Amino acid sequence: AIERTLILIKPDGVKRQLTGQILSRIEAKGYEIAELKQVSATREQLEAHYEEHVGKPFYEPLVEFMASGPLVAIIAEGQNVIPGFRSLAGTTDPTTAAPGTIRGDLGRDWGLKVQQNLVHGSDSEESAAREIGIWFA
Ligand code: CMP
C-alpha cells in the first residue's frame, strides 16, 4: 500500500552535515519527500514522540540529545515506505547495523548513554499517523 511515514534526521545527522546524503538515500529508493522542515524540538514534542520510552534508562538522555540542536522532520511517501525506511535506516545500534544502511554506513558509536543513530522512522501505520500529528500539526 502507499504509505506515509515520519522521518527525523536527529541532531547528530544535522550537525555532521549528513542531511543531503540521507535525503539522497530516501529519494534514491523511490520515496517522495511530501513535507520537510528543519525544527528545534520542544520538550512537549519530544515527550509526546517518545512516550513509549518513559521510564527507560535512556529516556532522559534521549530527550536531552534530541533537544541539543536542530533536527529535520520529513514526511516521506511511497509503496511500503514504513518498513522500507526502517530497513534503509538499519538497526538501532550503529556498530552492528548492516553496511549499506544509513546507520551502518554513516553512524558512529560515541560511547554515550544514548545511541546517536542519525535517524528515526515510524514503526507502524498507527505511529506514523501519531508522529505526523506531533511534527506537522
Ligand atoms: P529510535 O529507535 O529512533 O528511538 C528510540 C531511541 O532511543 C533509539 O532510536 C536510540 O537513539 C535510543 N535507544 C534505544 N535503545 C537504546 C539503548 N538500549 N541504549 C541507548 N539508547 C537507546
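Residues numbered from 1 in each chain as written. Predicted model: local features only at pLDDT ≥ 70, side-chain atom pairs only at ≥ 80, totals over all residues.

## Quick word on the confidence of the model for the chain
Residue-level pLDDT values for the chain average 98, and 100% of them are 70 or greater. Interface confidence in the predicted complex, given as ipTM, is 0.92; pTM for the same model is 0.97. (pLDDT = per-residue confidence, 0-100.)

## Quick notes on the pairing of strand E3 (residues 71–79)
Sheet topology note: the strand E1 (residues 2–9)/E3 ladder contains 8 bridges and is antiparallel. Within E3, the residue paired with Thr 5 across the bridge is Ala 76. Examined bridge by bridge, strand E2 (residues 32–39) and E3 share 7 bridges and lie antiparallel to one another. If you follow Gln 38 over to E3, its bridge partner there is Val 72. (Pairing = 2+ DSSP bridges. Helix = DSSP H or I, 4+ residues; strand = E, 2+ residues; numbered from the N terminus.)

## So, the UniProt feature "binding site: ATP" (unreviewed entry) in the chain
UniProt's feature table lists "binding site: ATP" (unreviewed entry) at Lys 10, Phe 58, Arg 86, Thr 92, Arg 103 and Asn 117, given in the numbering used throughout. Among the secondary structure elements, Lys 10 is positioned in the loop between E1 and helix H1 (11–15). Its 23 C-beta neighbours within 10 Å are what place Lys 10 among the buried residues. Turning to its location among the elements, Phe 58 is positioned in the loop between helix H3 (43–49) and helix H4 (59–66). Here Phe 58 falls in the partly exposed class, since 14 other C-beta atoms lie within 10 Å of it. Not counting chain neighbours up to four residues away, the residues in contact with Phe 58 comprise Lys 113 and Val 114. (UniProt positions renumbered as here; feature names shortened; annotations may be inferred. Buried ≥ 20, exposed ≤ 12 C-beta atoms within 10 Å, placed from the backbone. Contact = placed C-beta atoms within 7 Å.)

## Things to note about the UniProt feature "active site" (unreviewed entry) in the chain
The positions that UniProt labels "active site" (unreviewed entry) are, in the present scheme, His 120. On the basis of neighbour count, His 120 is assigned to the buried category, with 23 C-beta atoms found within 10 Å. Those residues in contact with His 120 that sit more than four places away from it in its chain are Ile 7, Leu 8 and Lys 10.

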